[in-house]
There are 2 protein chains.
Amino acid sequence: MKQGSDLDGLLGYRIELTHLIAIEDARLALAPYGLTPAKLTALLLIRANPGCDQTALGKALSVNRSSAMKLVNVLVDRGLIERRPGRDLRTNALHLLPGGEERVAEMLDRLRESDRRLGADLTAAERATLMALLKKLRKPRAARRGATTTDG
Amino acid sequence: MKQGSDLDGLLGYRIELTHLIAIEDARLALAPYGLTPAKLTALLLIRANPGCDQTALGKALSVNRSSAMKLVNVLVDRGLIERRPGRDLRTNALHLLPGGEERVAEMLDRLRESDRRLGADLTAAERATLMALLKKLRKPRAARRGATTTDG
DNA sequence: TATTGTTATACTCTATAACTATA
DNA sequence: TATAGTTATAGAGTATAACAATA
């Protein structure tokens, strides 16, 4: 099946293809732990911000309260984090559990291995250049206006 | 909220962030046409392969027959393509309709504008370097084994 | 009034499984 | 037997809307 060349020169299309490769391997790397890359990111945010509440976590992940709720439920069910009493009676304080700390360390190892595989054909200099150029891509005006959601 | 530095050096994480920016603007650019970037890609594949069947389309998009079916239904409902009799009685031949051609051209214009916004801070040389480096990222062994699906 | 958590509901995308009609 | 399309169903992931408790 022919691909068609309409998208060939587009940066966004190349990033889409690259992203598919990266996310697939990252998923496989984390699958034994029953978590997706997005859930590991949530776990890392909680570790970096002990005692944060669900709403703040959701904002950091660009999802609303309801979605943050579901995410936290999964991490609690997995025994990785717990909800403790928060700064007021409305709020939960999220904390990584000791077992969660161990798991996070293992998962980060697997993720770094995956990342090494992804960039295996790059020299150190090329890798640095790529990182720098990716950082120069910018959020266009249209997208910067913010999505129109009710919640956060 | 602190970000935590565990993912900072990872190529895959940087690509994830960049992808989010790119896909959001691309979605906004195509929203007036009622199609997502993925559906435009499907449309371009059909245009590049007139008379292709749904299964082949699905394979090119890495989705199974059932998902390809739904996708084609949407494009048919939008009046962009049609199903014609295929090479045998089991098969549909997918064809872009004249109206679809027009829409595709407009959507490609909007998508290219979005792509220009994304790379607006890059010189032509930087842009070329970025494209070349992204092409050097490779599908790791683990992911190359192929996903374990029943279908395509 | 505003905020936090929660629940119910729905929509998109994708998958699996089973059915049918062809081949 | 194998393949193409179809349908029903289910599971992530996300969103909206409403409610209770608290601020």
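(A) Molecular detail of the pairing of strand S2 (residues 92-96) of chain A. Residues and elements named next belong to chain A. Buried residues dominate S2, accounting for four of its five residues. As judged from the five bridges shared by strand S1 (residues 81-85) and S2, these two strands associate in the antiparallel manner. Within S2, the position partnered with Arg 83 by the bridge is Leu 94. Counting the residues between successive antiparallel strands, the hairpin from S1 to S2 contains six residues.

(B) Region of the structure containing the relation of the copies chain A and chain B. By a simple turn and slide, chain A fits onto chain B: the slide is 0.0 Å along the axis, the RMSD is 0.0 Å, and the turn is 180°. The operation mapping one copy onto its partner corresponds to a two-fold rotation axis.

(C) Looking closely at the interface of chain A and chain B. Of the residues lining the interface, 58 residues belong to chain A; the matching set on chain B comes to 58 residues. Sorting the residues of chain A by area buried against chain B places A:Met1, A:Leu11 and A:Arg138 first, and these three jointly supply 12% of that buried surface. In this assembly, chain A and chain B are joined by eight salt bridges. Between B:Lys139 and A:Glu24 there is a salt bridge, with its nearest N and O atoms 3.7 Å apart. Run the count over chain A and chain B and you get 17 residue pairs in polar contact (both at pLDDT 80 or more). Elements that contribute at least two residues to the side of chain A that touches chain B include exactly helix H1 (11-30), helix H2 (37-48), helix H3 (54-61), helix H5 (98-118), helix H6 (124-136) and helix H7 (141-144) of chain A. Per-element tally for the side of chain A that touches chain B: the top contributor is H1(A), with 14 residues. Residues belonging to the side of chain A that touches chain B are distributed by class as follows: 30 nonpolar, ten polar and 18 charged.

(D) Summary view of the packing of helix H2 (residues 37-48) of chain B against helix H4 (residues 65-77) of chain B. All names here are of chain B. Relative to each other, H2 and H4 sit at 85°, their axes nearing to 11 Å. Between H2 and H4, the angle falls in the class roughly perpendicular. Note on element contacts: H4 touches H2 through Leu 71, Val 74 and Leu 75, opposite Lys 39, Ala 42, Leu 43 and Ile 46. A per-class count over the contact of H2 with H4 returns six nonpolar, no polar and one charged.

About the thresholds
- Residues numbered from 1 in each chain as written.
- Chains lettered and ligands numbered in written order.
- Predicted model: local features only at pLDDT ≥ 70, side-chain atom pairs only at ≥ 80, totals over all residues.
- Heavy atoms only, no water.
- Buried < 20%, exposed > 50% of the residue type's maximum accessible area, 1.4 Å probe, protein only.
- Helix = DSSP H or I, 4+ residues; strand = E, 2+ residues; numbered from the N terminus.
- Pairing = 2+ DSSP bridges.
- Least-squares fit on C-alpha atoms with pLDDT ≥ 70 in both.
- Contact = heavy atoms within 4.5 Å.
- Buried area = accessible area lost by both parts, 1.4 Å probe.
- Salt bridge = Lys/Arg side-chain N within 4 Å of Asp/Glu carboxyl O.
- Polar contact = N/O pair within 3.5 Å; in protein donor to acceptor, adjacent residues only side chain to side chain.
- Nonpolar A, V, L, I, M, F, W, Y, C, P; charged D, E, K, R; others polar.
- Axes fitted to C-alpha atoms, helices over the stretch in contact; angles between N-to-C directions.
- Parallel < 35°, antiparallel > 145°, perpendicular 65-115°, else oblique.

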